[in-house]
Amino acid sequence: MGICSATGIAGAWAGDPGVVRAIESVSADLGKVKGLLDRSGRGDCDPSVPGLLPGCSEKIEEFCEKLHSPRHRGNIELPWGGRTEKVLLGRNPQGFSQVFAELERAKLASRNRLPKEFARKLEKRDYFGKMARYLRAKPPRSASLREVQANSRLGGELSSIWNDSVNEVLQEKMVQRHPGYLKLESFSPEISREYDGLERELHAEIYRSIWSGSARWKQVEKDFATVRSEYLRFLEESKELDPALKSDWIARIKSVTLELPGSDPDNLDHGCATTTRNAYYNWLKDRITICAGDFNSGNELFTIAHEFSHALGIHRSLYLQEKNTELATRLRSLASAVCDQATVGACPKEWAGVKERFPELAAKLIPRGGDLAPSETMVSGGFSEDSEERFSDALGSRVFARILKQVPELEGRRNLYYSSIAWTCSRPSMENTYPEEAQAEKEFSLEPHSAGKQRRLEGLTAPVREALGCAKDFEAKECAL
Ligand SMILES: [Zn+2]
């Protein structure tokens, strides 16, 4: 199947029969999605947009060169639509990574929101005064050896004050609950579990305090709302989309929630809550997390559009389908019967019922004959990502293209685009210097949102190219919807 034909969503997985069958089974009817084509679908083959511009990938390479030039060193300000996007992927004048400095500044700003007993411990050892001094230190290139060493010791002291304070708060909470806690020679599983639970809750409270008041996070909340509205318009305006599927997808986009990084004690990810550049859609909780490194280093509209698309993707669809099977429903009621002591007598009967029909019910769980592996690199068919990710890139880029088109100035649109993909510009890198080795390494890695040139090119879908006013000057397979 040619990548330039607008032949319905099946085109997105040309060459992946297992995945196509899975989508058929979860969407009920592949034909229903057929109409969700971009009306410029035929433009996929058009090498140029009249009156406009040079090649897309050439423009982006130019931007990446500029971003990592000695003048900018990974930091650049890009104005668009009355807003200035700060891309902060380099170091600040003091030599700290910008994302780390943003985190530490956010900690300083949150001192009155932090859990009281924790903040008191930090104050007692002058954490905030020392941190302000640490962040103002002379950069290594203009400092003496003694100054560099003193500042490095101060950095170590700051981490130990932070960690000691967390540990002391937890210890005090445990002693309060169990006065003999410190005398225990070893901890029972129950005590360890209690401690772990308190630790997760404390960390979640700390991360909530750090980020909830941050201006950058407030922007993420606004951008999340913008993307959701645009996504809904995109679906509503897709006349060819089957009405039942359309209303299902609309409902799914409406139900997605946004999570402040690190705020859920059951889902703590310290890297994501501090400096990692990434984002996730949790298909069990129907929730998007934008990691702190992401919203502190560039624009995240494209990322949010991509993550929303996972709510329509294979994993979420399979989960919803399986959750609604008779087997899942019966297992849930069995679980609640087991947990509810009042009805414990009902269990043997319930269990016998489930056991008897288990093979029949379980067979319905696997509608595709077991040949689906959406994350399997073997079915990636020459794309940089697996089919779940490609689906999200294909739909996400269409929603993002609509947002781009709302920026009146072409230069502003391009700036918005650059600020969204700046994180994929890395130089010098393994990928640029040793492309074959980098590709070989990637085949065996499980990183879900990889950067890299190929991914960047795949993101330049026809609607995005049209919005940016540039031509396809590269070879990359395209998901034609
Ligand atoms: Zn993804």
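Residues numbered from 1 in each chain as written. Predicted model: local features only at pLDDT ≥ 70, side-chain atom pairs only at ≥ 80, totals over all residues.

A.B. asks: Explain the nonpolar core to me, please; I cannot follow it from the model alone.
C.D. replies: Nonpolar side chains tend toward joint burial in soluble globular proteins. One finds Ala305, Phe308, Phe400 and Leu404 to be the most contacted residues of the largest nonpolar core, which totals 75 residues. Ranked by the residues each element gives to this core, the list is headed by helix α16 (residues 387-405), at 8 residues. Summarising the domain contributions, this core has at least three residues from each of domain 1 (9-62 + 215-319 + 373-468) and domain 2 (111-212). (Core = buried A, V, L, I, M, F, W, Y, C linked by C-beta atoms within 7 Å. Buried ≥ 20, exposed ≤ 12 C-beta atoms within 10 Å, placed from the backbone. Helix = DSSP H or I, 4+ residues; strand = E, 2+ residues; numbered from the N terminus. Domains from an automatic or database assignment.)

A.B. asks: Is there a simple way to think about the environment of Ser142 in this case?
C.D. replies: Here Ser142 lies in the loop between α5 (127-135) and α6 (145-177). Classification of Ser142 by C-beta neighbours within 10 Å gives exposed; the count is 9. Each C-alpha atom, one on Ser142 and one on Gln94, is 9.7 Å from the other, the two residues being 48 residues apart in sequence.

A.B. asks: Which parts of the structure should I look at to understand the packing of helix α8 (residues 215-236) against α16?
C.D. replies: Two packed helices can be described by the angle between their axes and the distance between those axes. At their nearest, the axes of α8 and α16 sit 10 Å apart, and the two run at 110 degrees to each other. Regarding the angle of α8 to α16, the classification is roughly perpendicular. Together, Val227, Glu230, Tyr231 and Phe234 of α8 and Arg398, Val399, Arg402 and Ile403 of α16 make up the contact between the two elements. When its residues are assigned to classes, the contact of α8 with α16 shows 5 nonpolar, no polar and 3 charged. (Axes fitted to C-alpha atoms, helices over the stretch in contact; angles between N-to-C directions. Parallel < 35°, antiparallel > 145°, perpendicular 65-115°, else oblique. Contact = placed C-beta atoms within 7 Å. Nonpolar A, V, L, I, M, F, W, Y, C, P; charged D, E, K, R; others polar.)

A.B. asks: When you look at the sheet that holds strand β5 (residues 287-290) in this model, what are you seeing that I'm missing?
C.D. replies: Backbone-to-backbone hydrogen bonds pair the strands of a sheet. The strands run either parallel or antiparallel. The mixed open sheet is built from 3 strands, whose spatial order is β3-β5-β4. Of all strands in the sheet, those with a lone pairing partner are β3 (257-259) and β4 (279-282), marking the two edges. For this sheet the average axis-to-axis angle between neighbouring strands, irrespective of direction, equals 25 degrees. Across 3 bridges, the pairing between β3 and β5 is parallel. Residue pairing for β5: Leu258 is matched across the bridge by Ile288. Packing against the sheet, helix α12 (residues 301-310) makes contact with β4 and β5, and its axis sits at approximately 155 degrees to β5. (Pairing = 2+ DSSP bridges.)

A.B. asks: So what exactly am I meant to see when it comes to the pairing of β5 here?
C.D. replies: In regular strands, side chains alternate between the two faces of the sheet. Pairing between β4 and β5: 4 bridges, direction antiparallel. Its bridge partner lying in β5, Tyr280 is registered against Thr289. Two successive antiparallel strands, β4 and β5, enclose a turn made up of 4 residues, where Asp286 displays a positive phi of approximately 55 degrees.

A.B. asks: How should I be thinking about the pairing of strand β2 (residues 83-88) in this particular structure?
C.D. replies: Relative to β2, strand β1 (residues 75-80) runs antiparallel, the two being bridged by 6 bridges. Across the sheet, the residue bridging to Pro79 is Thr84, located in β2. Between β1 and the antiparallel strand that follows it, β2, lie 2 residues; Gly81 among them carries a positive phi value of about 45 degrees.

A.B. asks: Whenever I open this one, helix α7 (residues 189-212) confuses me. Can you help?
C.D. replies: For an α-helix, 3.6 residues make a turn, and residues three or four places apart therefore share a direction. Taking 1.5 Å of rise per residue, the 24 residues of α7 would be expected to cover 34 Å, and the 34 Å separating its terminal C-alpha atoms lies within 8% of that figure. Among the residues of α7, Ile206, Tyr207, Arg208, Ser209, Ile210 and Trp211 are the ones counted as buried. The inward-facing, buried residues of α7 contact α3 (98-109), α4 (116-124), α8, α10 (270-274) and α11 (292-295). (Expected span 1.5 Å × (residues − 1).)

A.B. asks: Quick question: what am I supposed to make of unusual backbone geometry here?
C.D. replies: Residues other than glycine predominantly adopt negative phi, and peptide bonds predominantly adopt the trans conformation. Backbone geometry places Arg73, a non-glycine residue, at a positive phi of 45 degrees. With respect to the helices, strands and loops of the structure, Arg73 is situated in the loop between α2 (56-67) and β1. In this structure, Asp126 is a non-glycine residue whose phi angle is positive, near 55 degrees. One can find Asp126 in the loop between α4 and α5.

A.B. asks: Can you walk me through the confidence of the model for the chain in this structure?
C.D. replies: Reading predicted coordinates in detail is not appropriate for stretches of low pLDDT. With 76% of its residues at a pLDDT of 70 or more, the chain shows a mean pLDDT of 80. When pLDDT is averaged over each helix and strand of the chain, the minimum, 47, is found for helix α1 (residues 17-27) and the maximum, 97, for α4. In the model, residues 1-22 has pLDDT below 50 throughout and makes 54 contacts with residues more than four positions away in sequence or in other chains. With pLDDT under 50 throughout, residues 24-52 is counted as low confidence; its partners more than four residues away or in other chains account for 59 contacts. (pLDDT = per-residue confidence, 0-100.)

A.B. asks: Where do I start with the environment of Ala328 in this structure?
C.D. replies: Mapped onto the fold, Ala328 is located in helix α14 (residues 326-339). Spatially, the C-alpha atoms of Ala328 and Ala362 are 9.1 Å apart, while their sequence positions differ by 34 residues.

A.B. asks: Would you take a moment to explain the packing of α12 against α16 for this structure?
C.D. replies: One can describe the packing of α12 onto α16 by two numbers: an axis separation of 8 Å at closest approach and a directional angle of 135 degrees. Taken together, the axis directions place α12 and α16 in an arrangement best described as oblique. Along this stretch, α12 crosses α16, giving a crossing that reads as right-handed. Across the interface between the two elements, Leu301, Phe302, Ala305, His306, Phe308, Ser309 and His310 of α12 pack against Phe391, Ser392, Asp393, Leu395, Gly396, Val399, Phe400 and Ile403 of α16. Its residues placed into classes, the contact of α12 with α16 shows 9 nonpolar, 5 polar and 1 charged. (Left-handed = near helix turned anticlockwise from the far one by under 90°.)

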